[in-house]
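Residue-level listing of the chains:
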Amino acid sequence: MPEPTGPDPSTTCARPPIPNPSKTPPLAPPIQLSSVYEFQGVDQVDAVYHGMLDGFVYARDGHPNALQLATKVAALEGGEAALVCASGMAAESALMLSLLGQGDRVALSEGLYGRTTMLVAKELARFGIGHDLFDATRPDSLRPALTPRTRLAFVETLSNPLLRLADISGLAAIAREAGVILAVDHTFAPLLCRPLAMGADVVVHSATKSIGGHSDVTLGLIVGRRELIDRTAPIASTFGLTGNPFDSWLALRGVSTLAVRTDRACASALEIARRLEGHRSVVRVHYPGLPGHPDHELAARVLTGGFGAVVSFDVGGREEADRLIRSLRHIPYAPSLGDVSTTLSHPTTTSHRSQSPEQWARQGITPGLIRLSVGIESVDDLWSDLDQALGRS
Ligand SMILES: Cc1ncc(COP(=O)(O)O)c(C=O)c1O
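Residues numbered from 1 in each chain as written. Predicted model: local features only at pLDDT ≥ 70, side-chain atom pairs only at ≥ 80, totals over all residues. Heavy atoms only, no water.

### Digging into the sheet that holds strand β11 (residues 369–373)
Selection rule: At least two DSSP bridges between two strands are required for those strands to pair. We count a stretch as a helix when DSSP gives it H or I for four or more residues in a row; a strand needs E for two or more, and each element gets its number in order from the N terminus. Orientation is described by axes fitted as lines to C-alpha atoms, over the contacting stretch for helices, and by angles from 0 to 180 degrees between their N-to-C directions.
Ordered by their spatial adjacency, 4 strands build an open sheet running β8-β9-β11-β10, and the pairing between neighbours is antiparallel. Of all strands in the sheet, those bounded by a partner on one side alone are β8 (284–286) and β10 (343–345). The mean angle between the axes of side-by-side strands here comes to 25°, regardless of whether they run parallel or antiparallel. The pairing of β8 with strand β9 (residues 310–314) spans 3 bridges and is classified as antiparallel. Across the sheet, residue Val285 finds its bridge partner in β9, namely Phe313.

### Thoughts on the pattern of salt bridges
Spelled out, the test is: Between Lys or Arg on one side and Asp or Glu on the other, a salt bridge is scored when a side-chain nitrogen of the former is within 4 Å of a carboxyl oxygen of the latter. Any residue under 20% of the maximum accessible area for its type is buried, any over 50% is exposed, and the rest in between are partly exposed; the area is computed with a 1.4 Å probe on protein chains only.
Evaluation of the coordinates by the stated rule reveals 13 salt bridges. With a shortest N-O distance of 3.2 Å, Glu177 and Arg143 are connected by a salt bridge. Within this pair, whereas Glu177 is found in helix α6 (residues 168–178), its partner Arg143 is found in the loop between β3 (130–134) and β4 (150–156), the two being separated by 34 residues in sequence. Residue classification places Arg143 among the partly exposed residues on the basis of a relative accessible area of 41%. Between Asp295 and Arg164 there is a salt bridge; the shortest N-O distance is 2.6 Å.

### Topic: the site of the ligand
To keep things clear, this is the line we draw: Any residue with a heavy atom positioned within 4 Å of a molecule or strand is treated as near that molecule or strand. What qualifies as a polar contact is a pair of N or O atoms within 3.5 Å, subject to a donor-acceptor requirement within protein and to the restriction that residues adjacent in sequence count only when both atoms come from side chains. Areas reported as accessible are Shrake-Rupley estimates using a 1.4 Å probe. Residue values count occlusion only from the protein chains shown. Asp, Glu, Lys and Arg are counted as charged, while Ala, Val, Leu, Ile, Met, Phe, Trp, Tyr, Cys and Pro are counted as nonpolar; the rest, among them Gly, fall into the polar class.
Around the ligand, 13 residues are found, and the nearest of them are Gly88, Asp185, Ser206, Thr208 and Lys209. Between Met89 and the ligand, the recorded distance is 2.9 Å, taken from a backbone N or O atom to an oxygen atom. The contact in question runs from an oxygen atom of the ligand to an N or O atom on the side chain of Lys209, over 2.8 Å. Against a free-state accessible area of 390 Å², the protein chains account for coverage of 89% of the ligand. When residues of the shell around the ligand are assigned to their parent elements, the largest contribution, 3 residues, is made by helix α4 (residues 88–99). A per-class count over the shell around the ligand returns 4 nonpolar, 5 polar and 4 charged.

### Section: the packing of α4 against helix α5 (residues 114–123)
What counts is decided by this rule: Throughout this description, any angle smaller than 35 degrees is read as roughly parallel, any larger than 145 degrees as roughly antiparallel, any in the 65 to 115 degree range as roughly perpendicular, and the remainder as oblique. Two helices crossing with the near one rotated counterclockwise from the far one by less than a right angle form a left-handed crossing, whereas a clockwise rotation gives a right-handed crossing. Contact definition: two residues touch when any of their heavy atoms are within 4.5 Å.
As a packed pair, α4 and α5 sit with axes 11 Å apart at the nearest point and diverge in direction by 30°. By the angle class used here, α4 and α5 are roughly parallel. In terms of crossing hand, the pair formed by α4 and α5 is right-handed. Each of Met89, Glu92, Ser93 and Met96 in α4 lies in contact with α5, whose residues at this interface are Arg115, Thr116, Leu119 and Val120. The residue makeup of the contact of α4 with α5, split by class, is 4 nonpolar, 2 polar and 2 charged.

### Quick look at the domain arrangement of the protein chain
Put simply, the test is: Per the annotation, domain bounds derive from an automatic or database assignment of domains. Joining two parts hides part of their accessible area as seen by a 1.4 Å probe, and the buried area is that hidden amount summed over both.
In terms of domain boundaries, the protein chain breaks down into domain 1 (42–255) and domain 2 (258–390). Using C-alpha coordinates to define each centre, domain 1 is positioned 26 Å away from domain 2. Domain 1 puts 27 residues into the contact, and the matching count from domain 2 is 36 residues. Both sides of the domain 1 and domain 2 interface together cover about 2600 Å² of buried area, and 64% of this is carbon and sulfur. Where domain 1 packs against domain 2, one counts 1 salt bridge. The interface formed by domain 1 and domain 2 holds 16 residue pairs in polar contact (both at pLDDT 80 or more) in total. Of the residues assigned to the side of domain 1 that touches domain 2, the class counts are 15 nonpolar, 9 polar and 3 charged.

### Remarks on the sheet that holds strand β6 (residues 202–206)
In any sheet, the strands associate via hydrogen bonds between backbone groups, in a parallel or an antiparallel arrangement. One open sheet accounts for 7 strands, arranged β1-β7-β6-β5-β4-β2-β3; its pairing is mixed. Unpaired on one side and paired on the other, β1 (81–85) and β3 mark the two borders of the sheet. Ignoring strand direction, the axes of neighbouring strands in this sheet form an average angle of 20°. Taken together, the 5 bridges between β1 and strand β7 (residues 220–224) define a ladder with antiparallel strand orientation. If you follow Ala82 over to β7, its bridge partner there is Val223. Contacts from helix α7 (residues 226–238) reach β1, β5 (181–185), β6 and β7 within the one sheet, and its direction differs from that of β1 by about 20°.

### Observations regarding the packing of aromatic side chains
The criterion, for reference: Any two rings among Phe, Tyr and Trp, with Trp reduced to its six-membered ring, count as a pair given centres within 6.5 Å; such a pair is stacked if its planes are under 30 degrees apart, edge-to-face if over 60, and tilted if neither.
Applying the stated rule across the entire model yields 3 aromatic pairs. Ring centres of Tyr37 and Phe56 lie 5.6 Å apart, and the angle between their planes is 45°; this geometry places the pair in the tilted category. Of this pair, Tyr37 sits in the loop between α1 (9–14) and α2 (42–49) while Phe56 sits in the loop between α2 and α3 (64–77), and the two are 19 residues apart along the sequence. You can call Phe56 partly exposed: its relative accessible area is 26%. Note on Tyr287 and Phe307: the rings are 6.4 Å apart at their centroids and 70° apart in plane angle, and the pair reads as edge-to-face. Residue Tyr287 is located in the loop between β8 and α10 (296–302), and its partner Phe307 is located in the loop between α10 and β9; the two are separated by 20 residues in the primary sequence. A relative accessible area of 0% means that Tyr287 is categorised as buried.

### Some points on the packing of α4 against α7
As a packed pair, α4 and α7 sit with axes 9 Å apart at the nearest point and diverge in direction by 105°. What the angle tells us is that α4 and α7 run roughly perpendicular. Residue-level contacts link Ala94, Leu95, Leu97, Ser98 and Leu99 of α4 to Leu228, Arg231, Thr232, Ile235 and Ala236 of α7. Considering only residue class, the contact of α4 with α7 consists of 7 nonpolar, 2 polar and 1 charged.

Structure below.
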């Protein structure tokens, strides 16, 4: 019988590769997909679990790509720490599951992203968690929405689709006085302002939008004090809500251009908003950078990074909106936002389709409303597509 020259092919196939001997580190961060990490012995595992040695154990609890992304976004928001979750909704769920128990209540601002309202009003309600509504643009309206069992107040920096601006400082003062945590969904406004510096306790992002920036990531983040993140992280892991390495890597890559994308998109959005305002086929434009917007004064004071990449406008009715959508040559009807290329959405048939016409009317949402997410193309090219399509609507 011939001498065996090495392990059986099945063993060679199954074993992990020999570590790369290179002493020169890669400039770009590696994607580390491993779902588990290897220990040198039981003392080392104890040291990692007791926090005496830095190390990852199991990817659902943490991995290098999530840590890099969390560190970067925490720095951008001026927070002590951050947690990467599997989506914006996972981030919201993790936050609420860690802060709320049976009998507690949440103060929700009116007109939040539909799934956020659904998470509280439908799903958390099944576990005995109640809610009260208030208007984030009027801090005084928060007071009557607070009860002795209210633990959390939840707002969006800029509301969808009418881009009303939450008065974060005013809300934070009232929440603090009542011992209630103020959470801000900052998905529409990364880099435009810093909610934590304005008194909010925690910031939530859907990184699926501007942070990822290329419509190829589904991810979310929570940013805040280390104590809050340390409390939320194991709960997010238990519920299976944490984010994966590849999406974390993609989002981190998105962050590297976030500032320049934001500057460019905000400048173009302001220009488009001004041009739309003067267009005969447009009934109304909603953009906080326009003097006619109800929150313009506050926006001019607090949105130091620009008025945002989203512009909403009304073309009269559902038929006109549909004609516009069909007439556009380059701007796709794709119900998300924050992409490098401009996209549009039609709230009453997408994000707000589960609401009744009465609910739309209460919020000022109309069937002719279009929500444009401005990208980084030339503003004149964008305008020429919009202008020719508006000419037919
Ligand atoms: C303001 C806002 N918050 C949260 C979410 C949820 O994020 P995700 O789709 O990443 O779960 C969205 C999604 O559209 C959103 O617009």
